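These are the residues of each chain, in order.
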Amino acid sequence: MSTLNANIPEVGISELPNQIYKKILSNASKHNEQILNLMIVGESGLGKTTFINTLFQTTLKERQGAYDREGADDFAKKNGNKTTSIEITRCQLEEKNFTLNVNLIDTPGYGDFINNTKAWLPLCDFIDEQYDHYMRQEQQPFRDSKFDLRVHAIIFFIKPTNGTLKPLDVITMRELSKKGNLIPVISKSDTLTRNELTQFKSKIRNVIEEQNIQIFTPPIFEESSNAFSGSVDEDTVNNNKAAIQHAKQLIESMPFAIIGSEEQYELNGNKVYGRKYPWGLIEVENEAHCDFRKLRSLLLRTNLLDLIHSTHNSHYEYYRKQRLQVNSAENNNNGINILPAPVRKMSHNPRFKEEELALKRYFTEQVKVEEQRFRQWEQNIVNERIRLNNDLEEEQNKVKKLEDQIRALQMKTK
Ligand SMILES: Nc1nc2c(ncn2[C@@H]2O[C@H](COP(=O)(O)OP(=O)(O)O)[C@@H](O)[C@H]2O)c(=O)[nH]1
Ligand SMILES: [Mg+2]
C-alpha cells in the first residue's frame, strides 16, 4: 500500500545530504552547471521511450517551470549528429542556483535486424566518438566550456522473460561495460510475477558474474562513517549511515526491475503514474511494486557524482591513453601530435549490412525487370518481322496472281 509520502519524488540535488551537495557544487563548472548523459539501450518495444518520458514526468512534477526540454531533432541538427539511429532528448533540472543538464540518448534499432552480429558496435562507436570529441576539445587553446556528450551511464534494457539472457544481450553488455558505467535493468517488470522476477534477477546476476561483466555498483564508503564519528556532528554520522544503507539496498536490488508509464491514475486523492490492470494498479514510484525510484535515485541523486567521476577518471582516461599510444606509434613522435579522428568500420554496423542487402535485392530486382522488358521488346520485334514477312508473302502472292492474269490476257490477245 502506498502512502502519500511515497508519491512525492525524492530526487533533487537540494535534498542531498550537505556533504554530497557541497561536493557536487565544487565539481560543477563556475556557472554551477553539471552535465549528465544517459544512454538507453534495448530492443524495440521494451519501453525505452516510455522510460525516458516517465523519468521526465516524475522528476519534473514538482519543479515545473524550471525545465526546458529539447527534442531529438533540434538537438541533432544543432550538433550535426549524423548517427540517425540515435536520438537525444535534453532537459534541465534547476534548483538552488544549480543546474543539471540531462541528455537522454535513445538508441532505437538495437537488435532489430535480421543479422545482429556486432549490433553493439554502433553503440560502442557512439561512446568512443564522444570521448574523441572531448579529447580533441581538450587540445584546443580555449577549453573553458566543452561540449560534453560522454556517456555517464548506459541503461541496458533486458526483456522480461523468465528464461535466460540472449547471447546477443550478453555480448552487448560485456562490450558496453568496457566503455562506460553499465546499469542493466529488467524492463516491463509488471509482466512478471514476484517469484519469476526474483528468479530472473538471480539468473541475470549469475550471468553477469560468470561472464565477468563489469556493471556499475554504487560504492560503499564504510570507513568514512568511522572517520567521521569522532569530529563530525551526529547528523553527518547519521547521514553517512543512511547513505551506506541506501547503497546496500541499491546493490541488493540490482538489476533494477522497472515499469514505465505516461498515464496517471487517481490514488487516495493523489495522481500517480502507473499501469492499470483489472486486478489493480501498479505504481511506477511505489518501491513495493518496482525499482524505478531506486534507479532514479541512483542516477540523479545519490550516485550522480560517482557516475560522472568514474566516466572521466576511468573510462575516458583508459580510452585517452589507448588513443595516445596508437597515435604516438603512428606519428613516430615527430613533433606536433594532433589526433586524427579514428576510422570507424561502418561495414560492421548491422544497419549498414541491412541496407547493403536491401540494395543488392533492389539491384537484382531491377536487373530482372530490365531483362523482362528486353525480352518483351525482342519478342515484339520477332512478331513484327513475322508480320512483315507475312505481309510480304501476301503481296508477292498478289503480284504473282496479277502476273498470271496478265499472262492469260496476253495469251488471249495473241
Ligand atoms: N506492461 C508494460 N508495458 C510497457 C512498459 N513500458 C512501456 N510499455 C509499453 O510497451 C510498448 C513499447 O514501448 P516504447 O517505449 O515505445 O518502447 P521502445 O521501442 O523501447 O521505445 C508501448 O505500448 C508501451 O506502452 C511497462 O513498464 N510495462
Ligand atoms: Mg522508442
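Residues numbered from 1 in each chain as written. Chains lettered and ligands numbered in written order. Predicted model: local features only at pLDDT ≥ 70, side-chain atom pairs only at ≥ 80, totals over all residues.

A. Representation of the overall build of the chain. When its secondary structure is counted, the chain shows 11 helices and 9 strands. Expressed as a percentage of its 414 residues, the buried residues of the chain come to 28%. (Helix = DSSP H or I, 4+ residues; strand = E, 2+ residues; numbered from the N terminus. Buried ≥ 20, exposed ≤ 12 C-beta atoms within 10 Å, placed from the backbone.)

B. A look at the site of ligand 1. Close to ligand 1 lie 14 residues, the nearest being Gly47, Lys48, Thr49, Thr50 and Lys188. Of all the elements, helix α2 (residues 48-60) adds the most residues to the shell around ligand 1, at 3 residues. Residues belonging to the shell around ligand 1 are distributed by class as follows: 2 nonpolar, 8 polar and 4 charged. (Near = placed C-beta within 6 Å. Nonpolar A, V, L, I, M, F, W, Y, C, P; charged D, E, K, R; others polar.)

C. Spotlight on the nonpolar core. One finds Leu38, Val41, Ile154, Ile155, Phe156, Val185 and Ile258 to be the most contacted residues of the largest nonpolar core, which totals 62 residues. Top element by residues in this core is strand β4 (residues 153-158). It accounts for 6 residues. With residues near it in sequence (within four places) discarded, leucine 38 still touches Val102, Leu104, Ile105, His152, Ala153, Ile155 and Leu299. (Core = buried A, V, L, I, M, F, W, Y, C linked by C-beta atoms within 7 Å. Contact = placed C-beta atoms within 7 Å.)

D. Structural context of helix α4 (residues 121-138). The first and last C-alpha atoms of α4 sit 25 Å apart over 18 residues, in line with the 26 Å expected at 1.5 Å per residue. If you check which residues of α4 are buried, you get Pro122, Leu123, Phe126, Ile127, Gln130, Tyr131 and Asp132. (Expected span 1.5 Å × (residues − 1).)

E. Spatial organisation of the sheet that holds strand β9 (residues 280-283). Overall, antiparallel pairing links the 3 strands, which are arranged β7-β8-β9 in an open sheet. The sheet terminates laterally at β7 (264-267) and β9, the two strands that pair on one side only. Geometrically, the sheet is characterised by an average inter-axis angle of 65° between neighbouring strands, direction not taken into account. With 4 bridges joining them, strand β8 (residues 270-277) and β9 adopt antiparallel strand pairing. Following the sheet pairing, tyrosine 277 is matched in β9 by glycine 280. (Pairing = 2+ DSSP bridges. Axes fitted to C-alpha atoms, helices over the stretch in contact; angles between N-to-C directions.)

F. Highlighting the packing of helix α8 (residues 234-253) against helix α9 (residues 292-302). With their axes 10 Å apart at the nearest point, α8 and α9 run at an angle of 130° to one another. Classed by the angle they form, the pair α8 and α9 counts as oblique. Crossing of α8 over α9 shows left-handed handedness. Of α9, the residues touching α8 (which contributes Ala243, His246, Leu250 and Ser253) are Lys294, Leu298 and Thr302. Classifying every residue of the contact of α8 with α9 gives 3 nonpolar, 3 polar and 1 charged. (Parallel < 35°, antiparallel > 145°, perpendicular 65-115°, else oblique. Left-handed = near helix turned anticlockwise from the far one by under 90°.)

G. Highlighting the pairing of β7. Pairing between β7 and β8: 4 bridges, direction antiparallel. Residue pairing for β8: tyrosine 265 is matched across the bridge by valine 272. As consecutive antiparallel partners, β7 and β8 are separated by 2 residues, and within that stretch asparagine 268 has a phi angle of approximately 45°, a positive value.

H. Here's a closer look at the pairing of strand β5 (residues 182-186). Along β5, 5 of the 5 residues are buried, which leaves the element largely enclosed by surrounding structure. Along β5, one buried face is formed by Leu182, Pro184 and Ile186 and the opposite face, lined by Ile183 and Val185, is buried too. Both β4 and β5 contribute to a ladder of 5 bridges, which runs parallel. Note that in β5 the partner of isoleucine 155 across the bridge is isoleucine 183.

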